[in-house]
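Residue strings, one per chain:
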Amino acid sequence: MGGTGTGGGASRGTVPRDADRDDGTGRVPPPAGPPTAASARPLGARGTYAAEPAAATGDGGGTGGGGGTGGGGLSRRRLGARLLALGGVLVLHAALPGAGAGAAGNPAERRALQGLRLRYGSARQAGLLEKHLEGAVDEARRFLGPSPEHPYYAGAVVLAGRGRTIALHRAVGEAVRYADYDGRTDRPKEFPAGERIAMAEDTVFDLASLSKLFTSVLAVQQMERGRLDLEATVDRYLPEFTGGGKEAVTVRQLLTHTSGLRSWAPFYQEPTREGRLRLLWSVRPQETPGTVYRYSDLNLIALQLLLERITGRTLDVLLHDEITAPLGMHRTRYNPPLSWRRVTAATEVQRPPWSGLDRGLVWGEVHDENAHALGGVAGHAGVFGTAWDLAVLARALLDGGVYAGRRILRPASVELLFTDYNTAFPGDDHGLGFELYQHWYMGAMATPHSAGHTGFTGTSLVLDPSTDSFLILLGNSVHPVRTWRAGSAPRVAVGNRLARAVPVRTKHGGPAWYSGMETGGSGTLTLPPLTPTTGSARLRCAVWWDTVPGAGAFHLEACADGETWEPLPFSTVRTTGGTPEQWPLGSAGGWSGRVWHRLEAPLPARPGQEVRLRFRHAATGRYVGRGVYVDVLRVAEPARLLFAEDRPADAARVEAVGWTRSAD
């Protein structure tokens, strides 16, 4: 089905379209029919989310929204549970942070209401590091070559920004390159050089499953207006949606992919609209609704029919009237006109057996077979748009539902999009329509605040409120054929670069020790031998960390016998205040809330016994976070300073393996 959907337009014997949701290794699932999303994508790591204002500082270093591994505040997990317990959209609004802010909540929202718009600017103006930002383009360009055998895409557009500044908007490769494809020889036929079309910043893309985000926003708008109840069963609005347990499916379960419905159904095989509807009405949940997470296009197709029923308008009209026209997204729509074709990226050469339809080169029409069968207008796929227009949507959501003075959602409604309702399914964090905290395509941009989605054609959108940044990567990765690409390696690589471009600053403005963010990276930062004279010696320093939970951490260790390194328990407390957190195993990982913490640990040595201390970091998984920083290292006892990093002689004796000094 559309975008990231599992099973996609593939029938049995075709290559399934859930390849977009694999683990980024380039693996394409075997052509054995539409598998479940759970089998096609890795589990993301979880973290907690504090519902504090996500006010990013100019340097990205200190006050980005709460959360983290042990800070105070209402966690995203607990917030979701509380909302479910309360029920009812009006109560939901009242329970959410900022619900009483009305039309002018946080400063960013007030600026948006004043009519401020996105603008182009330098990396410096966006509070980003130019070297790493340019590296994002290098990463996008790298996948024009073998990835690992065929190009990942013929071309791509990458757009990155922070605040209201678009600091990067670049096109690479070609929008139209291949005229045909021979599945027997796995060889494409290219257009002559003079007939190819280069990728441009304003190229229009088939957004595939990014369409689901628009459908979700439209649904939340109807909740605001009292026409739709999040916890109501779908059959309240669609009486035909019954049978086999479907009458228990709620609107929330459609939006969070917990309905129990299968991933996909071959609507394109039905010759009439009536037949397609009968197919949907006949589908039965494979599991009891609410007991399993399974990504399914059927959820959003059902939601489309529900929205059209309660509003009396078709989904394409709703998209225009409620989102794209108010926000000025003039290059976003269903069924683009023929005049757009020359500025639209081509997608796949569709023929059996890899496709369910025999359409030849698909260019300017929706790629998804089921969306095509539904007339190009579907809740799961079919929207076309540009990177700039998606940036406008991103900015509106980051600013509480408003852009350039035009509001499409209340701030509390935006919170519904970004609140994890899938607390019962760790790793499958999901708001209403939006996926949350997913390293498998967000890369190091993934934090407990991050929200986004992917699309099967090669599209993706990531929003990180904790740094007020956003990333859009649009590629024509099914051009010429879906079997040439799989996974999310370009998304991860570009996301890592943008995450690195958001600087981490020390209070003193100088460099700190940095672990880096290499996949599989590890290293040690070892202090010289120290000999305390009392039992009160303590290590104190500042730490900042962002690692993939369960697959990356930093460890504090001590060696008192000259041979064996043992974990050294420590405590941390945010420099912004709060309650100390204990780390009895001598290690910490996950997300520290994008703030510096003060670390303190007692030395294990007896008076007069020599001891060595070290920090060790290890990234053991396929994905990485922003890394670990250590600064202002000092070891002291009441009457004596044993080690101080700011003393040149002491600093010269630090042994760093895999750690570097970094001022950003």
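Residues numbered from 1 in each chain as written. Predicted model: local features only at pLDDT ≥ 70, side-chain atom pairs only at ≥ 80, totals over all residues. Heavy atoms only, no water.

As a further point, take the confidence of the model for the chain. When pLDDT is averaged along the chain, the result is 86, and 83% of the positions lie at 70 or above. Note that pLDDT drops below 50 for residues 1-19; the model gives that stretch 112 contacts with residues more than four away or on any other chain. With pLDDT under 50 throughout, residues 22-103 is counted as low confidence; its partners more than four residues away or in other chains account for 225 contacts. (pLDDT = per-residue confidence, 0-100. Contact = heavy atoms within 4.5 Å.)

Right, let's talk about the pattern of salt bridges for a bit. According to the stated counting rule, one finds 34 salt bridges in the structure shown. Across the salt bridge formed by R395 and D468, the nearest N and O atoms sit 2.7 Å from each other. You can see R395 sitting in helix α12 (residues 387-398) and its partner D468 sitting in the loop between β16 (459-464) and β17 (469-475), a full 73 residues away along the chain. With respect to burial, R395 and D468 carry one shared label: buried. By sharing partners, the salt bridges in this structure join R164, R395, D399 and D468 into a single network. (Salt bridge = Lys/Arg side-chain N within 4 Å of Asp/Glu carboxyl O. Helix = DSSP H or I, 4+ residues; strand = E, 2+ residues; numbered from the N terminus. Buried < 20%, exposed > 50% of the residue type's maximum accessible area, 1.4 Å probe, protein only.)

Looking now at the environment of M442. Mapped onto the elements, M442 comes out in helix α14 (residues 439-442). Separated by 18 residues in the primary sequence, M442 and S460 have C-alpha atoms spaced 8.9 Å apart. Aside from chain neighbours lying at most four places away, what touches M442 is E435, L436, Y437, S450, A451, G452, V462 and G495.

In the segment running from P352 into P353, the intervening peptide bond is cis, with an omega of 10°. Secondary-structure assignment places P353 in the loop between β9 (349-350) and β10 (360-361). Going from H479 to P480, the amide bond is cis rather than trans, its omega being 15°. The phi dihedral of H257 is positive, around 60°, even though this residue is not glycine.

A few words now on the pairing of strand β29 (residues 640-644). Within a regular strand, the side chains alternate between the two sheet faces. The pairing of strand β28 (residues 627-637) with β29 spans four bridges and is antiparallel. Within β29, the position partnered with R634 by the bridge is A644. Hairpin geometry of β28 and β29 is characterised by an intervening segment of two residues between the two adjacent antiparallel strands. (Pairing = 2+ DSSP bridges.)

Adjacent strands of a sheet pair through backbone hydrogen bonds, lying either parallel or antiparallel. Spatially, the three strands line up as an open sheet ordered β7-β11-β8, and their pairing is antiparallel. Two strands bound the open sheet, and with one partner strand each, they are β7 (205-206) and β8 (333-334).

Their axes nearest at 10 Å, the elements helix α6 (residues 211-224) and helix α13 (residues 411-418) cross at an angle of 135°. Relative to α13, the element α6 is oriented oblique. Note on packing geometry: the crossing formed by α6 with α13 is right-handed. Judged by residue contacts, V217, V220 and E224 of α6 engage S413, L416 and L417 from α13. Residues of the contact of α6 with α13, tallied by class, amount to four nonpolar, one polar and one charged. (Axes fitted to C-alpha atoms, helices over the stretch in contact; angles between N-to-C directions. Parallel < 35°, antiparallel > 145°, perpendicular 65-115°, else oblique. Left-handed = near helix turned anticlockwise from the far one by under 90°. Nonpolar A, V, L, I, M, F, W, Y, C, P; charged D, E, K, R; others polar.)

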